[in-house]
Amino acid sequence: MELNLGPQHPATHGVLRIVVTLDGERVVKAVPHLGYLHRGVEKIVEDLEYFQIPPILDRMDYVANLNNELSYVMAVEKLAGLKVPERAEYVRVILLEFNRIMSHFAWFGPFTNDLGLFGTAFLYGLREREYIQRLFERTTGARMHYNYFTYGGLRHDVPDGFVEEASRLANRLPAVIDEFEYMVEENEVFRLRTIGIGPMDGQTALNFGASGPFLRASGIPIDLRKDEPYSVYDRFDFKVCSASGGDCFARYKVRMDEMRESVKIIQQALEQMPDGPVRAKTTRHIKLPKGEVYMRTEHARGEFGAYIVSDGGERPYRLKLRSPSLSNLMASCVLLPGMVLPDLIATVASVDIVLGCTDR
Amino acid sequence: MAENTPPTTKNQTHLLEIERLLKGAHGQSLVATEIKNDELFADVAPVAVPDVMRWLRDDRSCRFDYIRCLCGVDYSDHVTVVYHLFATKTKSKITVRVEVSKESPAIASVTDVWAGADWLERETAEMFGLVFDGHPDPRRLLLTEDNDAMPLRKDFKLDYGNEQSKVKRDNA
């Protein structure tokens with residue numbers, strides 16, 4: 001039997017369509033179809049000036065927006081030779097890690113939903129995300145599409161009371177993460193539907209260009225924050241979380257552990273954050289020297305890359321955006337044949353894809 | 001701290017070593033190499049792509065086992081396919097650039113070297129009108145099957161607003 005899963009299906013987390021050939025409940029073949037959210041971002045940006053681009057990047061991975069902006073602004077900074085003030089780097093790190101936690105919360109809720117634990121964990125996840133979102137709203141002025149990072153630093157300084165509110169939130173989070181674990185980890189349904197489901201070994205994941213929590217759950221501890229430190233990440237004490245199972249449970253566990261490490265980073269950054277300007281002296285209409293640069297950062301979902309080719313003008317000649325969701329989805333699709341259908345849902349959900357990012 | 005990785009002599013020497021080995025093994029297929037901003041760039045002739053790529057993955061001192069990014073850039077007279085590779089053990093990286101002419105836009109697929117090139121090649125193919133020879137599943141990825149527009153080529157111009165303003169709502 002052929003089953004058309006998506007593009008409008010709550011369990012595909014966006015407009016992913018998978019044409020599944022079934023034999024009874026077993027998946028014989030699964031062919032993913034992408035492009036329902038393709039907006040031609042890479043073409044549109046060729047007509048825009050450099051300062052006009054971050055708002056569009058916000059709309060790619062709309063769950064971890066700030067992480068998208070970072071790769072791009074860092075690529076521009078590298079080509080232009082701009083030095084970012086210390087304070088801006090610290091604010092960036094704090095917000096990026098909060099953004100990562102938000103993104104994992106927004107994954108955790110719907111993931112449990114897909115497993116049949118309807119309601120409770122979903123709403124807990126979104127509630128906690130909401131608290132952080134309020135901090136972002138106060139800081140950047142927007143709930144979702146922040147447009148806060150700019151080459152040379154930040155658009156404006158953080159509001160009064162930012163440090164107090166951020167540390168209050170950060171101190172609260174470990175207990176919240178414990179509560180989440182308590183909620184699902186001993187749950188019979190959750191264990192049955194995640195442990196041993198959709199396992200991927202490290203070599204295959206690597207060969208497919210997978211990255212982020214998906215790759216680390218397969219036992220390969222690659223984290224760009226440690227391996228190729230950017231911004232001020234080399235000043236913080238945190239560890240790279242990995243798990244050996246490679247299954248849905250390992251992917252869940254890695255994200256939970258990772259959030260604790262993010263909290264540690266935030267706390268250290270809040271302590272060390274200096275005063276000073278948040279933006280380097282630069283003009284709005286910037287012209288980049290001729291050249292090319294590929295800048296990659298550890299996004300909530302993996303390696304997010306921005307490859308800028310400049311012809312010396314004030315618009316990028318070419319801007320390629322490397323999407324972690326795309327590579328991770330590609331890797332996970334080889335797992336699908338041979339599964340029963342409900343496991344397909346669990347596996348796709350455990351990858352944590354955002355279609356705005358895969359389709360661009 | 002805008003700089004990514006501070007130029008370490010260790011990394012520099014490793015890149016020089018790779019450059020030397022690459023020249024030794026595939027000297028005749030290399031158009032040019034350069035080390036800039038602590039990164040290695042290699043321009044490779046299109047016919048040599050399968051050999052060079054396999055060598056980059058398998059050679060003991062290279063081991064570029066991870067494909068980060070594959071994309072095209074349209075330089076009016078030709079399209080350049082750019083491969084960003086990463087070695088997970090040594091953390092070194094290399095950018096390989098291959099010029100493909102627009103008259104015969106064919107280049108060998110590297111999906112058998114890195115499985116991760118699969119969808120990236122499909123996307124590059126549809127966006128630039130290239131053909132990746134030997135690709136196991138050369139369907140379009142993001143565009144619809146009947147779309148031959150090659151949107152990321154420079155002669156494809158976006159028509160802001162005008163097109164939309166022409167489309168009147170039929171029922172209005």
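Residues numbered from 1 in each chain as written. Chains lettered and ligands numbered in written order. Predicted model: local features only at pLDDT ≥ 70, side-chain atom pairs only at ≥ 80, totals over all residues. Heavy atoms only, no water.

Points about the interface of chain B and chain A
No. 1: Taken together, the contact pairs 49 residues of chain B with 51 residues of chain A.
No. 2: Overall, the association of chain B and chain A removes approximately 4,300 Å² of surface from exposure, summing both partners, and the carbon and sulfur fraction of that is 54%.
No. 3: Where chain B packs against chain A, one counts eight salt bridges.
No. 4: Lys93 of chain B is the salt-bridge partner of Glu228 of chain A, the closest N and O atoms lying 3.8 Å from each other.
No. 5: Counting across the interface, chain B meets chain A through 17 residue pairs in polar contact (both at pLDDT 80 or more).
No. 6: The set of elements that each furnish at least two residues to the side of chain B that touches chain A consists of strand 2 (39-44), strand 3 (66-75), strand 4 (78-86), strand 5 (93-101) and helix 3 (117-128) of chain B.
No. 7: Sorting elements by how many residues they give to the side of chain B that touches chain A places strand 3 of chain B first, with 10 residues.
No. 8: When its residues are assigned to classes, the side of chain B that touches chain A shows 27 nonpolar, nine polar and 13 charged. (Contact = heavy atoms within 4.5 Å. Buried area = accessible area lost by both parts, 1.4 Å probe. Salt bridge = Lys/Arg side-chain N within 4 Å of Asp/Glu carboxyl O. Polar contact = N/O pair within 3.5 Å; in protein donor to acceptor, adjacent residues only side chain to side chain. Helix = DSSP H or I, 4+ residues; strand = E, 2+ residues; numbered from the N terminus. Nonpolar A, V, L, I, M, F, W, Y, C, P; charged D, E, K, R; others polar.)

Some remarks on the sheet that holds strand 3 (residues 26-33) of chain A
Residue and element names in this part refer to chain A.
No. 1: Read from one edge of the open sheet, three strands run 1-2-3, paired in antiparallel fashion. Bordering the open sheet on either side are strand 1 (2-5) and strand 3, each of which pairs with just one other strand. Taking the axes of each pair of neighbouring strands and ignoring which way they run, one obtains an average angle of 20° across the sheet.
No. 2: Pairing of strand 1 with strand 2 (residues 17-23), which is carried by four bridges, proceeds in the antiparallel orientation. Within the sheet, the bridge partner assigned to Leu5 lies in strand 2 and is Ile18.
No. 3: Against the sheet, helix 13 (residues 341-351) touches strand 1, strand 2 and strand 3, its axis set at about 150° to strand 2. (Pairing = 2+ DSSP bridges. Axes fitted to C-alpha atoms, helices over the stretch in contact; angles between N-to-C directions.)

Points about unusual backbone geometry
All names here are of chain A.
No. 1: Backbone geometry at Asn147 places phi at a positive 50°, although glycine is not the residue there.
No. 2: With respect to the secondary-structure elements, Asn147 resides in the loop between helix 5 (120-140) and strand 4 (149-150).
No. 3: Under the relative-accessibility criterion, Asn147 is labelled partly exposed at 23%.
No. 4: Its identity is not glycine, yet Asp352 carries a phi of approximately 65°, on the positive side.
No. 5: Relative to the helices and strands, Asp352 is located in the loop between helix 13 and helix 14 (355-359). (Buried < 20%, exposed > 50% of the residue type's maximum accessible area, 1.4 Å probe, protein only.)

What to know about the pairing of strand 8 (residues 318-322) of chain A
Residue and element names in this part refer to chain A.
No. 1: Most of strand 8 sits out of view: five of its five residues are buried.
No. 2: For strand 7 (residues 302-310) and strand 8, the ladder comprises five bridges, and the chain directions are antiparallel. When the sheet's bridge partners are listed, Val309 is paired in strand 8 with Arg318.

As for the packing of helix 5 of chain A against helix 6 (residues 162-184) of chain A
Residues and elements named next belong to chain A.
No. 1: Interhelical geometry of helix 5 versus helix 6 gives an angle of 170° and a closest axis separation of 11 Å. The orientation of helix 5 relative to helix 6 falls into the category roughly antiparallel. Between helix 5 and helix 6, the residues in contact are Thr120, Ala121, Tyr124, Gly125, Arg127, Glu128, Tyr131, Ile132, Leu135, Arg138 and Thr139 and Phe162, Glu165, Ala166, Leu169, Arg172, Leu173, Val176, Glu179, Phe180 and Met183, respectively.
No. 2: Looking at the contact of helix 5 with helix 6 residue by residue, the classes come out as 12 nonpolar, three polar and six charged. (Parallel < 35°, antiparallel > 145°, perpendicular 65-115°, else oblique.)

Observations regarding the pairing of strand 7 of chain A
The two faces of a sheet get side chains in turn, since along a regular strand they alternate between them.
Residue and element names in this part refer to chain A.
No. 1: Counting buried residues along strand 7, nine of its nine residues qualify, which places the element largely inside the surrounding structure.
No. 2: By the bridge criterion, nine bridges tie strand 6 (residues 291-299) to strand 7 in an arrangement that is antiparallel. Across the sheet, Glu292 pairs through a bridge with Val309, a residue of strand 7.
No. 3: Hairpin connection of strand 6 to strand 7: two residues between the antiparallel strands.

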